[in-house]
Every structure is written in structure tokens, then in C-alpha cells.
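# Remarks on the overall topology
Listed below are the residues making up each chain.
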Amino acid sequence: MRITPSILNADFANLEAEVGRISGADAIHVDVMDNHFVPNLTIGLPVVESLRKVTDKMLDIHLMIEDADRWAPAFAEAGAESVTFHVEAAAAPIRLARELRKLGARASMALKPATPIDGFADMLDEVDMVLLMTVEPGFGGQSFLDLVLPKIRRTRKLIGDRPIWLQVDGGVSPSTIERCAEAGADTFVAGSAVFNAPEPDAMVSELRELAVAACQH
């Protein structure tokens, strides 16, 4: 069970210190938004390059941008270990996934809540992770959408015994993570739940424990 806190809810003026507050995290989740694919504008390549210099943690880049085919490889070249593109924004997703892998990054495809996984089942061997959005992408702090739970179950079934991570992003908190884990997710993006907690690292541990416990029932 991997916890990958999103820095979308961190203090952008002190990112190095903020990353230091989550030493127990499995990766740092970085949301890149372009104000086109989603109605919000966040950070881009220069910030990722700067982050790479101050942390040896895995950088898990989530591109919520148009023209993912053009921009995604640059994040792999900047040293990100995992680069996620949205299937809704990629013109040639298989080619892009292969290019990311060739550059040494894990390739990941993301799906919005209303995008069915079924049409991408044949692509699973081309990716290392599937990210299912459990809110509409664009803003942190939204409420978890329970309607995605059946899709998590379907995706887990389609993955089968392949070594593919199944990540969920959106509204993940102590009150929702168990449902996601029971449905088959193994990698969890939590933003506001972690960075708004008095002790972010303790929250990382708590979330991981809840996810593990949910799978032992």
C-alpha cells in the first residue's frame, strides 16, 4: 500500500520544507495543470526540476494538460520516476507510454471519473500504473465520488496478476481510503488530508495502516 501525497495542498513558497514533512511517503505526487484540460493552473517543468534537486523521493507526475504527447517526455527527462498522462488528452497513448518507458520512467494512464476503463483494457501491458480519478480533476479538497468504486473493482480485475499499480486520486482521507483499498486500489494520492493534518507524516502512516487493514478483512 503506497501513499503518495499531493503537493497541490502544500505551501508552494516552501516546497523543500514541505517535502521534508512527509519523509514516510512512498512518492511525491505533483499535479501539473494547464488551465485548458482542467480549469486550474498550477506548476510546470521548472518546479519539477527544482524539486528533483532537493529530494531523492520518487516523483510521481500527474499531467492534467492538453497535448500530453508533446510535454510528458520532458518530465521523464527531468528525472521524474513516474509520469501520468490522461487518456482523454493523449493523441497516441501507446506511443507515448512507450516513449516514457524508453526514457526510464514508469508510464501511467489516468482516467476521469466518467471515462470507462473497458476501452483501454488492451493497453494495460503498455503501462506501469493506472490512475483513476475519484473526483473531477482540477482542484484539491473535493469530496470523494463513490460512483468510481465499481470502476476500481473492474480495473483491478482487468489488471489481474500484472505488476501494475492501481492509484486513486481525489478526496482520499481516513474516511474513504478503506473503501478504495477494499475495491482494489494499492496506491493513494492524498493532498489536503495530509498537508492539512497537524502532523503530515503521522497522517501518511495512518492512511497506510487503514489501507492495509481494509485488505485483511
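One can find the structure itself at the top, above this paragraph.
This write-up is about the structure you can find in this document. (Residues numbered from 1 in each chain as written. Predicted model: local features only at pLDDT ≥ 70, side-chain atom pairs only at ≥ 80, totals over all residues. Heavy atoms only, no water.)

## Quick look at the side chain of Lys 57
The condition is simple: Helix and strand labels come from DSSP, where a helix needs a run of H or I of at least four residues and a strand needs a run of E of at least two; each type is numbered from the N terminus. Whether two residues are in contact is decided by their heavy atoms: any pair within 4.5 Å suffices.
Along the polypeptide, Lys 57 turns up in the loop between helix H2 (45-54) and strand E3 (59-64). Among residues more than four places away in sequence, those in contact with Lys 57 are Ile 22, Ser 23, Ala 25, Ile 28, Arg 52 and Glu 81.

## Side note on helix H3 (residues 68-77)
Selection criterion: Only protein chains enter the accessibility calculation, which uses a 1.4 Å probe; a residue is then buried when its area is under 20% of its type maximum, exposed when over 50%, and partly exposed in between.
Among the 10 residues of H3, seven are classified as buried, and the element is accordingly described as predominantly covered. Considered for burial, the residues of H3 that qualify are Ala 68, Asp 69, Ala 72, Pro 73, Ala 74, Phe 75 and Ala 76. Those residues of H3 hidden inside the fold are in contact with strand E2 (28-33), H2, E3, strand E4 (82-86) and helix H4 (93-102).

## Section: the sheet that holds strand E7 (residues 165-169)
Convention followed: Two strands make a pair as long as DSSP finds a minimum of two bridges between them. Structural elements are reduced to axes, namely lines fitted to C-alpha atoms, with helices fitted over the stretch in contact, and the angle between N-to-C directions of any two is expressed from 0 to 180 degrees.
Spatially, the eight strands line up as an open sheet ordered E1-E8-E7-E6-E5-E4-E3-E2, and their pairing is parallel. Pairing within the sheet leaves two strands with one partner each, and these edge strands are strand E1 (2-3) and E2. The pairing of E2 with E3 spans six bridges and is parallel. Note on E3: the bridge partner recorded for Val 32 is Leu 63. The sheet contacts of H4 involve E4 and strand E5 (106-111), and relative to E4 the element is tilted by about 170°.

## Let's talk about the pairing of E5
Stated precisely, the cut-off is as follows: We call a crossover right-handed when, viewed with both strands directed away from the observer, the connection leading from the first strand over the helix to the second proceeds clockwise.
Within E5, five of the six residues are buried, leaving the element largely enclosed by the surrounding structure. Here E4 pairs with E5 via five bridges, running parallel. Bridge pairing links Ser 82 to Arg 106 in E5. In this view, the connection linking E4 to its parallel neighbour E5 by way of H4 has right-handed handedness. Two elements, E5 and strand E6 (residues 129-133), share four bridges in a ladder whose sense is parallel. Directly across from Ala 110, in E6, lies its bridge partner Leu 131.

## Details of the pattern of salt bridges
Heads up, the condition is: In the sections that follow, a salt bridge refers to a side-chain nitrogen of Lys or Arg positioned within 4 Å of a carboxyl oxygen of Asp or Glu.
Taken as a whole and judged by the stated rule, the model has 10 salt bridges. In this structure, the salt-bridge partner of Arg 101 is Asp 128, at a minimum N-O distance of 3.1 Å. With Arg 101 in helix H4 and Asp 128 in the loop between E5 and E6, this pair connects stretches of sequence that are 27 residues apart. Taking the relative accessible area as the measure of exposure, Asp 128 reaches 16% and is therefore buried.

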